[in-house]
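# Commentary on secondary and tertiary structure
If you want the building blocks of each chain, they are given just below.
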Amino acid sequence: MGVKDKVWEVFRQEAEGDPMIHGGSVRAPDEELATHYAREFYGRRQESERLWIVARDAITELSDPDLLKPPFDRSFKRPGGFLIKHKLETARQRAGVSDAPSQEDLSE
Amino acid sequence: MTGLDAATRGALGELLLAMADDEFVLGFWDSEWTGIAPILEEDVAMSSVSQDEIGHAKALYEMLAMLTGDDADRIAFGRRPDAYRHAALMNHPRTDWAFTIARRYLYETADAVRLESLAGSSHEPLANLAIKMRREETYHLLHFDLWLRRLTEGGSESRDRLISALQELWTDAQAVFAPLVAEANLLTTGILAESMETLRQRWLARITPRFAELGLPAMPGAPQPHADGRSLHGADFSWLHGEFTMVADSEPRASW
């Protein structure tokens, strides 16, 4: 690794409309060569529709556990945190619908 | 491939073989960088570009095999060294990185001029193949122009090595446009839209300003190449030929 090399993170899109997913990284002294190497590492087998090449030092990282994994129960902040199975059953009975609950309801 | 008379088929065959051998031999020389290129990323890039060239050679050998009722693998691996028709530029060994870059730059720019012209060939399969190859060569051109620039800006050692490699290769690079034996036929039939000499002048007019822009010294005047620029090869190529035919020769009747 040359003294002036930087690390570049490469994101790839497999098909038009898909999300950009982190593929890996390359080392290169500048954006131009990083683009060439990203093409070789993450696109030479025609596996990518689009690449994003981002200098690692341009990325703002957040990994503070006090901010991301606070110690109290956070389950109520997740959609699944609200148990609505019984509420749904009651609502169905009231409406006179006797269908078995869907898979989605059960997963609650 | 029907509809072409025997003389025209022979002429077309000569053109296809010249181009295929250029790509094939250069692909083998530069694949020697696999594992030892200056940096890991470039190792992968150089190996990939070399594979691209072998892929182009394959397409051209297959077109030739259809034309002559031969077999593409036989043409690629079954000839003696003196039957290859690559330009003298491809007779040189890999040497150092600057030498490799100098050769690639000279070849890629020349090949680009050749493919642009062939995209207008009257022989439709060849025109279509040229269009397809050009799309892949776009990246090759960018990559080796980038390296040419980097070596001119990389300090006196890389610059000096690059300049001496360009000077050493300059005359042999002209041979990419060596006149073909049956060129008159190719021009009459429109398989070649323009003569090799016209293409060579266009190539010179394109790279000369680029050299000036990068502060590289002007190359000496280069006379029109002789037809033997594609038939005389020498010891370095004989060695490479031994390398790339080794596996095929070990079991000539094996199927792959």
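The rules we used
- Residues numbered from 1 in each chain as written.
- Chains lettered and ligands numbered in written order.
- Predicted model: local features only at pLDDT ≥ 70, side-chain atom pairs only at ≥ 80, totals over all residues.
- Helix = DSSP H or I, 4+ residues; strand = E, 2+ residues; numbered from the N terminus.
- Buried ≥ 20, exposed ≤ 12 C-beta atoms within 10 Å, placed from the backbone.
- Contact = placed C-beta atoms within 7 Å.
- Rg over C-alpha atoms; globule rule 2.2 N^0.38 Å.
- Pairing = 2+ DSSP bridges.
- Axes fitted to C-alpha atoms, helices over the stretch in contact; angles between N-to-C directions.
- pLDDT = per-residue confidence, 0-100.
- Nonpolar A, V, L, I, M, F, W, Y, C, P; charged D, E, K, R; others polar.
- Expected span 1.5 Å × (residues − 1).
- Arc of directions from axis to C-beta.
- Parallel < 35°, antiparallel > 145°, perpendicular 65-115°, else oblique.
- Left-handed = near helix turned anticlockwise from the far one by under 90°.

### Focus on the overall build of chain A
- If you tally the helices and strands in chain A, you get four helices and three strands.
- Reading the secondary structure of chain A in the N-to-C direction produces β-β-α-β-α-α-α.
- The proportion of buried residues among the 108 residues of chain A is 13%.
- Counted over contacts in chain A with a minimum sequence separation of 6, partners at least 24 positions apart contribute 46%.

### A look at the overall build of chain B
- Helix and strand counts for chain B come out as nine helices and zero strands.
- In chain B, the succession of helices and strands from N to C terminus is α-α-α-α-α-α-α-α-α.
- For a compact globule of 256 residues, the expected C-alpha radius of gyration is about 18 Å, and chain B comes in at 18 Å, within 12% of that figure.
- Expressed as a percentage of its 256 residues, the buried residues of chain B come to 38%.
- For chain B, restricting intrachain contacts to residue pairs at least 6 apart in sequence, the fraction spanning at least 24 positions comes to 75%.

### Description of the sheet that holds strand β2 (residues 21–28) of chain A
Residue and element names in this part refer to chain A.
- One open sheet holds the three strands; their spatial order is β2-β1-β3, and the pairing between them is antiparallel. Where the open sheet ends on each side, the last strands, each with one partner, are β2 and β3 (50–55). Pairs of neighbouring strands in the sheet enclose a mean axial angle of 30°, with direction left out of account.
- Of the pairings in the sheet, the one linking strand β1 (residues 6–13) to β2 comprises seven bridges and is antiparallel in character. Bridged to Trp 8 within β2 is Val 26.
- Sitting on the sheet, helix α1 (residues 31–43) touches β1, β2 and β3, and the angle it makes with β2 is about 130°.

### Section: the confidence of the model for chain B
- Looking at chain B, pLDDT values average 95 and 99% of them are 70 or higher.
- Interface scoring of the predicted complex returns ipTM 0.79; its pTM is 0.86.

### As for the interface of chain A and chain B
- Contacts between the two partners involve ten residues from chain A, matched on the other side by six residues from chain B.
- Broken down by element, the side of chain A that touches chain B gets its largest block of residues, six residues, from α1(A).
- Within the side of chain A that touches chain B, the residues separate by chemical class into five nonpolar, one polar and four charged.

### Considering helix α8 (residues 196–213) of chain B
All names here are of chain B.
- The end-to-end C-alpha distance of α8, which contains 18 residues, comes to 26 Å, matching closely the 26 Å that a straight helix rising 1.5 Å per residue would cover.
- Among all positions of α8, only Met 196, Leu 199, Arg 200, Trp 203 and Ile 207 are buried. Buried residues of α8, seen end-on, are gathered within an arc of 95° and therefore sit on one face of the element. What points out from α8, more than 90 degrees from its buried face, is the exposed set Ala 205, Pro 209, Ala 212 and Glu 213.
- Contacts made by the buried residues of α8 are with α4 (97–118) and α7 (183–189).
- Where α8 ends, the next residue or the one after it, Gly 215, has phi of about 75°, a positive value.

### Topic: the packing of α4(B) against helix α5 (residues 124–153) of chain B
All names here are of chain B.
- α5 packs onto α4 with a crossing angle of 150° between their chain directions and a minimal axis gap of 8 Å. Taken as axis vectors, α4 and α5 run roughly antiparallel relative to one another. In the packing of α4 onto α5, the handedness of the crossing is left-handed.
- Taken together, the residues of the contact of α4 with α5 break down into 15 nonpolar, two polar and seven charged.

### Considerations on the environment of Phe41(A)
- Inspection of the secondary structure assignment puts Phe41(A) in helix α1.
- Between the alpha carbons of Phe41(A) and Ile21(A) there is a distance of 14 Å; along the sequence they are 20 residues apart.
- In this structure Phe41(A) touches Val10(A), Gly24(A), Val26(A) and Val44(B), once residues within four positions along its chain are discounted.

### Quick word on the packing of α1(A) against helix α2 (residues 40–68) of chain B
- Contact geometry of α1(A) with α2(B) gives a least axis separation of 9 Å together with a crossing angle of 65°. In terms of orientation, α1(A) lies roughly perpendicular with respect to α2(B). When you trace α1(A) past α2(B), the crossing you get is left-handed. Contacts between α1(A) and α2(B) pair His36(A), Tyr37(A), Glu40(A) and Phe41(A) from the former with Glu41(B), Val44(B), Ala45(B) and Ser48(B) from the latter.
- In the contact of α1(A) with α2(B), the residues fall into four nonpolar, two polar and two charged.

### Digging into unusual backbone geometry
- Even without being glycine, Gln46(A) reaches a positive phi, approximately 60°.
- Following the sequence through the fold, Gln46(A) ends up in the loop between α1 and β3.
- You will see that Thr95(B), though not glycine, has its phi angle at about 60°, which is positive.
- Summarising the element assignment, Thr95(B) is placed in the loop between α3 (72–77) and α4.
- For Thr95(B), a count of 16 C-beta atoms within 10 Å gives the class partly exposed.

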